[in-house]
Number of protein chains: 2
Amino acid sequence: MDRKSATIQDVARVAGVSTATVSRTLSKPSVVARTTRDAVLKAVADTGYRVNATASNLRRQRTGSVIVLLPNLANTFFAQILAGLASVLTPAGYGMLIADTQSGPDPDERLTHYLASGQADGLVVLDGTLSPAALSMPGRPPVVCACEWMGDAVPSVRVENERGAALAVGHLARLGHRHIGHVTGPGGNVLTRTRLEGYRAALDRLGLPMRADWVLEGDFTMDSGAAAARVWLAMEDRPTALFLSSDEMAVGFMGEVQRAGIRVPEDVSVVGFDNIEIARHLSPGLTTIRQPRTDIGARAAELLLGLIETGASSAPSEVIEVEFIRRSSAGPPPKGR
Amino acid sequence: MDRKSATIQDVARVAGVSTATVSRTLSKPSVVARTTRDAVLKAVADTGYRVNATASNLRRQRTGSVIVLLPNLANTFFAQILAGLASVLTPAGYGMLIADTQSGPDPDERLTHYLASGQADGLVVLDGTLSPAALSMPGRPPVVCACEWMGDAVPSVRVENERGAALAVGHLARLGHRHIGHVTGPGGNVLTRTRLEGYRAALDRLGLPMRADWVLEGDFTMDSGAAAARVWLAMEDRPTALFLSSDEMAVGFMGEVQRAGIRVPEDVSVVGFDNIEIARHLSPGLTTIRQPRTDIGARAAELLLGLIETGASSAPSEVIEVEFIRRSSAGPPPKGR
DNA sequence: ATTCTTCTTGTAAACGTTTGCAGTCTTTGC
DNA sequence: GCAAAGACTGCAAACGTTTACAAGAAGAAT
């Protein structure tokens, strides 16, 4: 193998054919004759030729990569979705460019920037707080949302958020709880709204009261879970169980109340959402709603590749099933409640 | 703005200059006259021109991206390093391609593949189990290791692992522990070796016994921490304190012993390594050694960019400070020990 | 006035592919 | 035996930049 890697010209020379034939052998082998095909493949092997992706992309007017826009890379949740995305994109020959929407000043502007920059053949948006308005640009590359979503303009892959919330509340009710609180995600987030709605609807169906002061505002982070715990601790009339809109918040909540001497689930029951890896390693194990994050990523990638190949700009969204995971953080309410 | 984005030709025409001048205005403005420069910049603004990275890369014989090889994307630890890498690479105009070494069959082969593929201007390796032999290829792009390292052939960014271990053991000893165990990382890993060595040396300096059966084998995961806990629970003569080579293992360990009714730190003291986000949210808060992961990523990226720009193939490695974080998972040993 | 710098700009040749078009050579149908 | 169809292959023109080289203009030095 040479210092400089072989080009298609080298292969053509060695095989005694034109570069066109080499290119065709590699991209659509069916159109080239058996014997020449073999000769070319041998020459490819001999020279150690690898197609230069940059040149190929330039000629084919594509970039060979997709951009993933996410709010925060340093978050388990997104990392696993990334893994799912990568599992599809890499084999398909697409690179995955990561962009953190939080690091810059104006997230919306960054979205517009990436759409216009022509740096990518498609975008995956994991940050539902971005404004759909930015997407009105003509001739923009296809976009897919994963987990969160932005109206109906953009195809998305999401889970059954309402049903997840209903499962959580139903489990608590079945254990005997009649005072069930909720800790939400950040305001304005679709997940926040949908899960809150699921919680509300489930209480309604079960004939249980929903008290406004039992709905605490969080933002999906552990810190906000801990903050909610402090609010809960200070309450006069505490709910005996809480459904938290994310496992991270549940972790923060449990840690904080436990450090205050409260026992879970004897004194308070907790149900989370996500089933992050740590959930089963806590003490007690965290009862939660599983979202298959790797699958979500993989499906989103497939959806996007479909859009890219067909040139279509819209596609049906997908909803993936959630699963109730029973562990030990939720139990019967304390006596007398 | 047109449907098809403007090319350098369009800008040249609008500004009434040649494409060469446009290119120069954008890359080294100093060589073009003030007045023409302004005209070009105005034309750029008017046409909404953005340079086509693919064409630019082809001409400049580079790819504009670096590949990050990591063992497991779905891991908090790496995600945060990625964030650090991205914070430097993105502003510098480099894309970041993620490759999971575990997903394929032979990790070493994948390293070789990426080195030879010419898909990237440089590589960041986060998986120290790869073999340095793969790097002997001539004319390969520069490589930098982060966290882990591979002999002296490859420049790396790492933390003071031995000192970290010594801090952990020192703290436990100061609390009065004389029976200090250790849970290691996976065999063959440099971090495993170095931290084990730090643990051993610290015990030695303190005149404390080191018993082979108190050194348990783990692999940095929560599961392996839980497994170590089961081994510890079954011991006749248990150490009163453990230093675990990663926080994830400490989480797994604490959860498992707590579920068995053991209290931390009253019955057993625990110190981890990494200071992952959850450490302060556990109950009790996890005492640990902080590694600044975002910094590690950022430094590694800078090191790599340096190598790429200068064309050098080696550079001095960097060692970043660790910090002892005292929380509540380590306390005095039980009476009588 | 002539030659030499110093600045600034344009010309045109790459970079390594892919692909429409046209040409050659077989094969087939009549 | 000839025309038509089919199967392969090569030619050459893109794709959108960057940059070595040359050339022109304007001032400086002789």
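Refer to the structure presented above.
What counts, and at which threshold
Residues numbered from 1 in each chain as written. Chains lettered and ligands numbered in written order. Predicted model: local features only at pLDDT ≥ 70, side-chain atom pairs only at ≥ 80, totals over all residues. Heavy atoms only, no water. Near = heavy atom within 4 Å. Polar contact = N/O pair within 3.5 Å; in protein donor to acceptor, adjacent residues only side chain to side chain. Helix = DSSP H or I, 4+ residues; strand = E, 2+ residues; numbered from the N terminus. Buried < 20%, exposed > 50% of the residue type's maximum accessible area, 1.4 Å probe, protein only. Contact = heavy atoms within 4.5 Å. Core = buried A, V, L, I, M, F, W, Y, C linked by side-chain atoms within 4.5 Å. Nonpolar A, V, L, I, M, F, W, Y, C, P; charged D, E, K, R; others polar. Expected span 1.5 Å × (residues − 1).

(A) Quick peek at the protein's contact with DNA strand C. Near DNA strand C there are 26 residues, and of these A:I8, A:S23, A:R59, B:T21 and B:T36 occur at the shortest range. Backbone atoms, meaning sugar and phosphate, make up 61% of the atoms of DNA strand C lying within 4 Å of the protein. One of the backbone N or O atoms of B:S18 is found 3.0 Å from a phosphate oxygen in DNA strand C. A distance of 3.2 Å separates a sugar or linking oxygen of DNA strand C from a polar atom in the side chain of B:Q61. Going through the elements one at a time, α1 (8-15), α2 (19-27) and α4 (53-60) of chain A together with α2 (19-27) and α4 (53-60) of chain B are the ones with two or more residues in the surface near DNA strand C.

(B) Representation of the environment of B:V40 within the structure. Residues and elements named next belong to chain B. Along the polypeptide, V40 turns up in helix α3 (residues 34-47). A residue is classified by how much of its surface remains accessible, and V40, at 0% relative accessible area, is buried. Taking the C-alpha atoms as reference points, V40 and T21, separated by 19 residues in sequence, lie 8.2 Å from one another. Those residues within four positions of V40 in sequence are excluded, and the remaining contacts are V11, A15, V17, T21, V22 and T25.

(C) Looking closely at the nonpolar core. Counting 103 residues, the largest nonpolar core has A:L82, A:L85, A:M96, B:L82, B:L85 and B:M96 as its most contacted members. Formed by 92 residues, the second largest nonpolar core is a distinct cluster that contains A:L115, A:M235, A:F253 and A:L282.

(D) Main features of the protein's contact with DNA strand D. Around DNA strand D, a shell composed of 25 residues is seen, among which A:T21, A:T36, B:I8, B:S23 and B:R59 lie nearest. Of all atoms in DNA strand D that approach within 4 Å of the protein, 63% are sugar or phosphate atoms. Backbone polar atom of A:A33 to a phosphate oxygen of DNA strand D: 2.9 Å apart, as the coordinates give it. Within the side chain of B:Y49, a nitrogen or oxygen atom sits 3.0 Å from a phosphate oxygen of DNA strand D. Those elements giving two or more residues to the surface near DNA strand D turn out to be α2 and α4 of chain A together with α1 (8-15), α2 and α4 of chain B. In terms of residue count, α4(B) provides more of the surface near DNA strand D than any other element does, 4 residues in total. Among the residues making up the surface near DNA strand D, the classes are represented as 10 nonpolar, 9 polar and 6 charged.

(E) Representation of helix α8 (residues 190-206) of chain A within the structure. Residues and elements named next belong to chain A. For α8, with 17 residues, the first-to-last C-alpha span of 24 Å sits near the 24 Å given by 1.5 Å per residue. Inspection of α8 places V190, L191, T192, T194, R195, L196, G198, Y199, A202 and L203 among the buried residues, and these make up the whole buried set. Where α8 is buried, its residues meet α7 (161-174), β6 (180-183), β7 (215-216) and β8 (241-244). Capping of α8 at its N-terminal end is provided by N189; its side-chain oxygen lies 2.6 Å from the backbone amide nitrogen of L191. Backbone geometry just after α8 places G207 at a positive phi near 70°.

As far as function goes, none of this settles anything; it's purely spatial.
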